[in-house]
Amino acid sequence: MKGVTKSFYLLLVFVMVLSLAACSTPAPAAAEEPAAPAAEEAAPAEKTYQDLVVGFAQIGAESGWRTAETDSIKAEAETLGVKLQFSDAQQKQENQIKAIRSFIAQQVDVIGVAPVVETGWETVFAEAKDAGIPIILVDRRADVSDDLFASFIGSDFVLEGENACMEMGELLGGAGNIVELEGTVGAGPAIDRKKGFDDCMAANYPDITILESQTGDFTRAKGKEVMEAFLKTYTGEINGVYAHNDDMALGAIQAIEEAGLKPAEDIIIVSIDGVKGIFEAMAAGKANVTVECNPLLGPQFYEAALTLANGGSVEKWIKSNEGIFRADTAAEDLPTRTY
Ligand code: GYE
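Please read all numbers here as calculations on a predicted model, not as lab measurements.

Draft legend 1. Region of the structure containing the overall build of the protein chain. Helix and strand counts for the protein chain come out as twelve helices and twelve strands. Within the protein chain, residue pairs in contact and separated by at least 24 positions form 74% of the contacts whose partners lie at least 6 positions apart. When the accessible surface of the protein chain is split by element, carbon and sulfur atoms take 55% of a total near 16,400 Å².

Draft legend 2. Representation of the pattern of salt bridges. Within the structure shown, the criterion is met by 19 salt bridges. For E160, the salt bridge is made with R193, and the minimal N-O distance between the two is 2.9 Å. One end of the pair, E160, is in helix α6 (residues 157-171); the other, R193, is in helix α7 (residues 188-204), and 33 residues separate them in sequence. In this structure, E167 and R326 form a salt bridge, with 2.6 Å as the shortest nitrogen-oxygen distance. Taken together, the positions of E167 in helix α6 and R326 in strand β12 (residues 324-326) put the pair 159 residues apart, joining distant regions of the chain. For E167, a relative accessible area of 12% translates into the label buried.

Draft legend 3. Focus on the side chain of S155. Tracing the backbone through its elements, the reader meets S155 in the loop between β5 (151-154) and α6. A polar side-chain atom of S155 sits 3.5 Å from a polar atom in the side chain of S320. A distance of 2.6 Å separates the side chain of S155 from the side chain of E322, its partner in a polar contact. Residues within four places of S155 in sequence aside, it is in contact with E160, C293, N294, W317, S320 and E322.

Draft legend 4. Highlighting the site of the ligand. Close to the ligand lie E62, S63, W65, R66, D139, R140, F157, P189, R193, F218, N245 and D273. Side-chain polar atom of R140 to an oxygen atom of the ligand: 2.8 Å apart, as the coordinates give it. R193 places a side-chain nitrogen or oxygen 2.9 Å from an oxygen atom of the ligand. For the ligand, whose free accessible area comes to 300 Å², the fraction covered by protein is 100%. Here the ligand is seated within the largest cavity. Looking at the shell around the ligand, the elements that each hand over two or more residues are α3 (64-80) and α7. Residue contributions to the shell around the ligand reach at least three from each of two domains, namely domain 1 (49-153 + 296-320) and domain 2 (157-293).

Draft legend 5. Geometry of the packing of aromatic side chains. The full count for this structure, using the stated rule, is eight aromatic pairs. A centroid spacing of 6.0 Å and a plane angle of 10° characterise the contact between F56 and F86, whose relative ring orientation is stacked. Of this pair, F56 sits in strand β1 (residues 53-58) while F86 is found in strand β2 (residues 83-88), placing the two residues 30 residues apart along the sequence. Ring centres 6.0 Å apart and planes at 45° place the aromatic pair F152 and W317 in the tilted group.

Draft legend 6. Structural detail: the sheet that holds strand β6 (residues 176-182). The six strands lie next to each other as β7-β6-β8-β9-β10-β12, forming an open sheet whose pairing is mixed. Edge positions in the sheet fall to β7 (208-215) and β12, since each of these pairs with one other strand and no more. Direction aside, neighbouring strands of the sheet carry axes that sit 15° apart on average. Judged from the three bridges that link them, strand β10 (residues 289-292) and β12 form a sheet pairing that is antiparallel. Within β12, the position partnered with T290 by the bridge is F325. Packing against the sheet, α6 makes contact with β6, β7, β8 (240-243), β9 (268-273), β10 and β12, and its axis sits at approximately 165° to β9. Together, β6, β7, β8 and β9 form the strand contacts of α7, whose direction differs from that of β6 by roughly 165°.

Draft legend 7. Inspection of the nonpolar core at higher detail. By size, the foremost hydrophobic cluster in this structure holds 43 residues, and its most contacted members are I100, F125 and M168. Top element by residues in this core is helix α4 (residues 93-105). It accounts for five residues. Counting the residues that make up this core, at least three belong to each of domain 1 (49-153 + 296-320) and domain 2 (157-293). Excluding residues that lie within four positions of it along the chain, I100 makes contacts with A57, I111, V113, W121, V124 and F125. Formed by 29 residues, the second largest nonpolar core is a distinct cluster that contains M248, L250, F279 and M282.

Scoring rules and cut-offs
- Every chain is numbered on its own, with residues counted from 1 as its sequence reads.
- Local features in this predicted model are restricted to residues of pLDDT 70 or higher, and side-chain atom pairs are both shown and tallied only at a pLDDT of 80 or more, whereas totals for entire chains, interfaces and linings draw on every residue.
- The basis for every side-chain value is the complete set of non-hydrogen atoms in the structure, without hydrogens or water.
- By definition, any uninterrupted DSSP run of H or I lasting at least four residues is a helix, any uninterrupted run of E lasting at least two residues is a strand, and each is numbered from the N terminus.
- Contacts between residues were defined by any pair of non-hydrogen atoms, one from each residue, lying within 4.5 Å.
- To be clear on the numbers: accessible area is Shrake-Rupley with a 1.4 Å probe, and residue cover counts the displayed protein chains and nothing else.
- For salt bridges, the criterion is a side-chain nitrogen of Lys or Arg within 4 Å of an Asp or Glu carboxyl oxygen.
- Buried residues are those whose accessible area, probed at 1.4 Å on protein chains only, stays under 20% of the maximum for their type, while exposed residues exceed 50% and partly exposed ones sit between those limits.
- Residues adjacent in sequence count toward polar contacts only when both atoms are side-chain atoms; beyond that, a polar contact is any pair of N or O atoms within 3.5 Å, and within protein one must be able to donate a hydrogen and the other to accept it.
- Proximity is defined per residue: if any heavy atom of the residue lies within 4 Å of a molecule or strand, that residue is considered near it.
- The distinction between a cavity and a pocket rests on a 1 Å grid over the protein atoms alone: a 1.4 Å probe fits inside a cavity but cannot get out, while a pocket stays open yet meets protein on both sides within 12 Å along at least five of seven lines, and a residue with an atom within 4 Å of a point counts as lining.
- Being in a pocket or cavity means that more than half of the molecule's atoms lie within 2 Å of its grid points.
- Residue ranges labeled as domains rest on an automatic or database domain assignment.
- Any pair of Phe, Tyr and Trp rings, taking the six-membered ring for Trp, is counted once the centres come within 6.5 Å. Such a pair is stacked with planes under 30 degrees apart, edge-to-face with planes over 60 apart, and tilted for the rest.
- Pairs of strands are assigned from DSSP output, requiring at least two bridges between the strands.
- Every axis corresponds to a line fitted to the C-alpha atoms, with the helix fit spanning only the stretch in contact, and the corresponding angles, defined between N-to-C directions, vary from 0 to 180 degrees.
- For our purposes a nonpolar core is just a set of buried Ala, Val, Leu, Ile, Met, Phe, Trp, Tyr and Cys residues, chained together by side-chain atoms within 4.5 Å.

Shown next as structure tokens:
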């Protein structure tokens, strides 16, 4: 190769190397593909129902309503594939507290509890909070500050009491004597159903007298026992019974019949819940009205639990939809009742 030509080629190679270097110069940062942020890669995947582990501290099996709620909680866990730790406290708060502590030790994702009474929950709820486990109150409230529970799923018990009062007032034509069968002493629905009913009676029906009000503990046996005593004390004076749940009303109906009287005719029967047994009694002409309180809370419970387990927030009060049912449509309604 001649000298000139050689230098020309050298120059050419030099220029090519230079331009290649220019091409491979990194483009400005803005044009570059953004690298995936490290935090996103490390974020845990969203939980599904199949990942969810839930503890449920149930009260017991005092009523048809409670059994229906338990069935709903268990059946919905099965359907969704949720792992459920279920505990039955046999009506004792100390057993519910023990169950909650064991759920905390097992590090479940969420704890559901139907508090048997309203008070006495601060310590154990604070323990759950410290462990980072949300508490959902199912069907009964607890008297604790808002930071100690995530949500209450259930009914407006004061409104149920008011509805029962208006039904009773109408059926008695605005005058007469009634007795009241209260739920478990200190239980949310017993306190609120009494308040709703008694306040509404005082405001709307001055000629209706509540002769006496006593607890029947939400059970049929206790309802019957207390009604027997009322019938002895107030022989011939009682025109109506207001029972805080259907089971106590069913017990009272038995007591009334055994005393030789006709329930729903001689003595008006108004109660709360809407279980099958009271529809059968209404269809047979032995009870007048039931104010519905929905126990089928399983679906709403697990939906809230999953949201909470994924760090989301839920409504502080998730209300259930309810109606009022009367004796004249009971036979028709009965086949549609699912609890
Ligand atoms: O009405 C009653 C039960 O907590 C709302 O408890 C529930 C009540 C229900 O035993 O029948």
